[in-house]
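Here is what each chain is made of, one letter per residue.
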Amino acid sequence: MSEYRIASRYAKSLLDLAVEKGQLEEVNNDMMMFSHVVEENRDLLLMLKSPIITPDKKLAILNKLFEGKVNDLTLAIFRILTKKHREGYLGLIAEEFHHQYNTNKGIEEATVTTTFALSDAMRSEFEGVVKNISNKEVELTEVVDESLIGGFILKIGDRQVDDSVNSKLKALRVEFTKNHYEKAY
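What comes next concerns the included structure. In this text the structure is predicted, and so the values were computed from the model without any measurement. (Residues numbered from 1 in each chain as written. Predicted model: local features only at pLDDT ≥ 70, side-chain atom pairs only at ≥ 80, totals over all residues. Heavy atoms only, no water.)

## Remarks on the nonpolar core
- Counting residues in each nonpolar core, the largest one holds 28 residues, and the members touching the most others are F34, F78 and F97.
- Ranked by the residues each element gives to this core, the list is headed by helix α1 (residues 3–21), at 7 residues.
- Apart from residues no more than four positions distant in its own chain, F78 is found in contact with F34, L59, L62, F66 and L90.
- Counting 9 residues, the second-largest nonpolar core is a separate cluster that includes V112, F126, L154 and I156. (Core = buried A, V, L, I, M, F, W, Y, C linked by side-chain atoms within 4.5 Å. Buried < 20%, exposed > 50% of the residue type's maximum accessible area, 1.4 Å probe, protein only. Helix = DSSP H or I, 4+ residues; strand = E, 2+ residues; numbered from the N terminus. Contact = heavy atoms within 4.5 Å.)

This is the structure in structure tokens:
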């Protein structure tokens, strides 16, 4: 089974259980925190994926790190995944949980890629554009990529608005490779 399917199924189960127990917001905050911890600490992710470290040791480390800081439901999913030897997927499950949470709450995820960090005014303008397109609340992710040279790329779901200098240069290159003139005989 693919990693995405595994993460999606566990995230869906956790989402349904959190909704049923009325703890959706707390579990979402826990999963976002876990994603940030894994993102900032590569050693934790490598430890979770390691076949050498026993599941009991991994669970003890997770308990030591998160007990008292996260919801009981979140700790329960850590225990279940560790018992089933699926703890290596915890990072993916946390990310997928957040995506499913946004879908459940009617929040549109969008990514804007620019060559610099956005100002508050620009951020709110991009959020307004996404809100007009999707008619939903917006969660905007910012990515800085200096290879764009200038402009921006805005991704909303499966749609993309590419107004970068880099894409315009590529289009110009393609245009110059075409021969628009015919030889006179």
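## With respect to a nonpolar patch on the surface
- The grouping of I149, V165, L169, L172 and F176 at the surface amounts to a nonpolar patch, some 480 Å² of accessible area in total.
- With respect to the helices and strands, I149 occurs in the loop between β2 (137–144) and β3 (151–156).
- The class for I149 is exposed, based on a relative accessible area of 54%. (Patch = residues over 30% accessible without salt bridge, like charges linked within 9 Å, V, L, I, M, F, W, Y side chains within 5 Å. Areas by Shrake-Rupley, 256 points an atom, 1.4 Å probe, with all protein chains shown as cover. Salt bridge = Lys/Arg side-chain N within 4 Å of Asp/Glu carboxyl O.)

## Details of the sheet that holds strand β4 (residues 159–164)
- In space, the 4 strands of this open sheet follow the order β2-β1-β3-β4, with mixed pairing throughout. Of all the strands in the sheet, the pair left with one neighbour each is β2 and β4. Neighbouring strand axes in the sheet, compared pairwise and without regard to direction, differ in orientation by 15° on average.
- Inspection of the sheet shows strand β1 (residues 107–114) paired to β3 by 5 bridges, in the antiparallel sense. Residue pairing for β3: V112 is matched across the bridge by L154. (Pairing = 2+ DSSP bridges. Axes fitted to C-alpha atoms, helices over the stretch in contact; angles between N-to-C directions.)

## Quick notes on α1
- Compared with the 27 Å implied by 1.5 Å per residue over 19 residues, the 27 Å span of α1 between its first and last C-alpha is a close match.
- Every buried residue of α1 is listed here: I6, A7, S8, Y10, A11, L14, L15 and A18.
- Residues of α1 that are buried sit in contact with α2 (24–40), α5 (72–83) and α6 (90–105).
- Looking one or two residues beyond α1, the residue adopting positive phi is G22, at roughly 75°. (Expected span 1.5 Å × (residues − 1).)

These figures come from the coordinates and say nothing about function on their own.
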